[in-house]
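# Per-entry structural report
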Amino acid sequence: MIQAIAFYLFAGVMIASAVMVVSARNPVHSVLFLILAFFNAAALFVLLGAEFLAMILVVVYVGAVAVLFLFVVMMLDINFALLREGFMRYLPVGGAVGLVLLAELVFVGMAWIDAAGSAQLRAAPMHGGVDNTRALGRLIYTHYALVFQASGLVLLVAMIGAIVLTLRQRPGVKRQDIGRQLSRTRDTGVEIVKIKPRTGV
Amino acid sequence: MNAPAFSFSAALPELFLSLSGLALLLFGALTGEKSYRRVAALALIALLVAAVLVLFGAGARSVEFGGLFVVDGFGAFMKALVLLGAALGIVLSLDYNRREELERFEFPVLIVFATVGMMLMISASDLISLYLGLELQSLALYVMAAFRRDSVKSTEAGLKYFVLGALSSGMLLYGASLIYGFTGSTNFAAIAGAVSGVVKSGAPVPLGVLFGVVFVLAALAFKVSAAPFHMWTPDVYEGAPTPVTAFFAVAPKVAATALLVRVLIEPFGAIAPQWQQVVWLVAVLSMIVGAFAAIWQTNVKRLMAYSSIGHVGYALVGLVAGGPGGVSAIALYMAIYLFMNIAAFSVILGMRVQGRAVERIGDLAGLSRTHPLVAAALAVAMFAMAGIPPLAGFFSKFYIFDAAVRGGHYVLAVVGVLTSVFGAFYYLRIVKLMYFDEATETLDRPFPASLGAVLAGATLFTFFFFLAPGPLVRAANAAAASLFPG
């Protein structure tokens, strides 16, 4: 009972915030609603017993992707009102595509056959009391340690590549040099100029 | 579940090389841009040490890391070739990078990481480790292709390679997922068990497995730049900085060929008749494209790209022939191919007119009068690539066609001989240019010493191989035998 309430609560908030992502006039509001949608999706994963996926969703999507979106929205001056122009013009085709997708979903749903024993599998996602974070950890750090390390190397190479291809030393960029700031004395920093009255600087 | 016992010593060369790569990266980052020469020298030493570790660690076949990683004679042979190719690639890049102001310490570091990826590919015995090795290699290569980031051609090469490489990775993953779905495992031994079980029971091989094999084959054909998946090769070879092209032409090619051989023979050996048709077609197309498309090239790097496509075609003939004989012919072919290409590229890297790098074929005209020794060495490399006896290139082709004829693939052998006759046209055209044409602009003297040393070594190997082919042939035979246990 409580699970059903939680499910409908999270699912309802998620759909509502997803609608707000698309319809909000202010793009910053859209991104904030997107974060809300991610959190509710994470809560749905927790309800399913997939707590690792829930954590990853929060860490990766909220922590990285949504913040990146926020940066893009705030840094770039994109005219979202202009992007949204012609909404009514595209509505017939867009709506038709949506309807086709919906019809296909309904057909799939009608033709769905549950495999024997799938209900039990879904009801008990944990084997022997091992939650899935622990299970993944056991696999990744033991059986797949080699490929885990290799994927670390792949990410390292990607980072090196990004730096090699984009980092350039620009001349004439002012950088903060704390040592120089601290070693500044009054003599080097202040200049006393005699100014005659009524001449200005 | 119990943690599988790890034998880290099995992957000692890979571990050593990855740790050296990390150390070199730190060293370079701490000492700044001027550390290029020291980082390059240290990377060279690391590659050579790893090669020694590979050769001393070569022994009986063993599967480690819970079935992800295999150590065997075939892997050791191919890894030694890859490490040699990478080390020579670093030596060849020294002079060029200094003159072209590409002296950035990331260059040798990327070569080291790409080499780690190649070694992982060669040793892969699971679709997951195969994919990660391939991506580690490819990612480093994409960056290297775009290394001269201020040049439009180089960035275009990098972008083109990246987009098409991502496409081929997608095909590989699609094929791998089909194979996993139909055989129930990503492990090569388990896949082999499932596939041979189906074959023994007399039931038709599931269509999904065949589809998967074809997709994986297409993706790997892309990586070895075999026709009809070769479109990226000329553009990338032309656009990338020349030392990178030299590296592309040897090490990744050897690694991807080794991977292709292992993937087709270990898990899918039982359905060889099915994939052999595909490899047959790819081999024939590559030989034809390599022989004919190169004729119209005016850029020497594009010419080498088509030449490499042709060579991959010949190597794949050995795969169609199959069996230890065919694989041994491939191993020998790749070894000799490496030396011929290194020789050719050390001349190309030294091609300069008044300090400016040139890469038109016409710029080689009259080379025999200004640089008689270099011209002679390049002539040896070209004659060898054309497969003219008694040079090494003749023997590599001979063993390949011998394996094809023994396997009863007469059409393939005939096509191979005909295309090498046509291919000889453009190799000999370079010899004609060097010896019988008048130079419009003569190339600079003196020829850089580091290139000259590599050129001399590779040429001596190519020229005098016929005196003592025994050791290399025996090593190739032993390597091939390790792929066919029992």
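Attention here is on the structure that accompanies the text. (Residues numbered from 1 in each chain as written. Chains lettered and ligands numbered in written order. Predicted model: local features only at pLDDT ≥ 70, side-chain atom pairs only at ≥ 80, totals over all residues. Heavy atoms only, no water.)

### Re the pattern of salt bridges
Residues and elements named next belong to chain B. Counting across every chain of the model gives 22 salt bridges over all chains. Residue R262 is joined to D72 by a salt bridge in which the shortest nitrogen-to-oxygen separation is 3.1 Å. With R262 in helix α10 (residues 242-265) and D72 in the loop between β2 (69-71) and α3 (73-99), this residue pair connects regions lying 190 residues apart in the sequence. Note that R369 is salt-bridged to E438, the shortest N-O span being 3.7 Å. In this pair, R369 sits in helix α14 (residues 367-370) while E438 sits in the loop between α17 (410-436) and α18 (449-464), placing the two residues 69 residues apart along the sequence. Since its relative accessible area comes to 48%, R369 is described here as partly exposed. Assessed through its relative accessible area of 63%, E438 is described here as exposed. Shared partners join several salt bridges into a network, and the residues in it are K153, E156, K160, D235, E238 and R302. (Salt bridge = Lys/Arg side-chain N within 4 Å of Asp/Glu carboxyl O. Helix = DSSP H or I, 4+ residues; strand = E, 2+ residues; numbered from the N terminus. Buried < 20%, exposed > 50% of the residue type's maximum accessible area, 1.4 Å probe, protein only.)

### Some thoughts on the packing of helix α5 (residues 127-145) of chain B against helix α6 (residues 152-183) of chain B
Residues and elements named next belong to chain B. At a minimum axis distance of 9 Å, the contact between α5 and α6 shows a crossing angle of 170 degrees. Classified by the angle their axes make, α5 and α6 are roughly antiparallel. Here L127, L130, Y131, L134, E135, L141, Y142 and A145 of α5 lie close against α6, whose contacting residues are S154, A157, G158, Y161, F162, G165, A166, S169, L172, L173, A176 and I179. Considering only residue class, the contact of α5 with α6 consists of 15 nonpolar, four polar and one charged. (Axes fitted to C-alpha atoms, helices over the stretch in contact; angles between N-to-C directions. Parallel < 35°, antiparallel > 145°, perpendicular 65-115°, else oblique. Contact = heavy atoms within 4.5 Å. Nonpolar A, V, L, I, M, F, W, Y, C, P; charged D, E, K, R; others polar.)

### Observations concerning the layout of surface pockets
In this structure, the largest pocket spans a volume of roughly 390 Å³. Around the largest pocket sit 17 residues that line it, and Q149, A150 and L153 of chain A together with L15 and S18 of chain B are the ones nearest its centre. Elements represented by at least two residues in the lining of the largest pocket include exactly α8 (145-166) of chain A together with α1 (12-31) and α4 (106-122) of chain B. A total of seven residues in the lining of the largest pocket trace back to one element, the largest contributor, which is α8 of chain A. Tallied by class, the residues present in the lining of the largest pocket amount to 13 nonpolar, three polar and one charged. Approximately 310 Å³ is the volume attributed to the second largest pocket. For the lining of the second largest pocket, the secondary structure elements donating two or more residues are α8 of chain A together with α1 of chain B. Sort the elements by how many residues they give to the lining of the second largest pocket and α8 of chain A lands first, with four residues. For the lining of the second largest pocket, a count of residues per class yields eight nonpolar, two polar and five charged. (1 Å grid on protein atoms, 1.4 Å probe; cavity = no way out; pocket = protein on both sides within 12 Å on 5 of 7 lines; lining within 4 Å. Points joined across faces, edges and corners; volume = space filled by probe spheres on them.)

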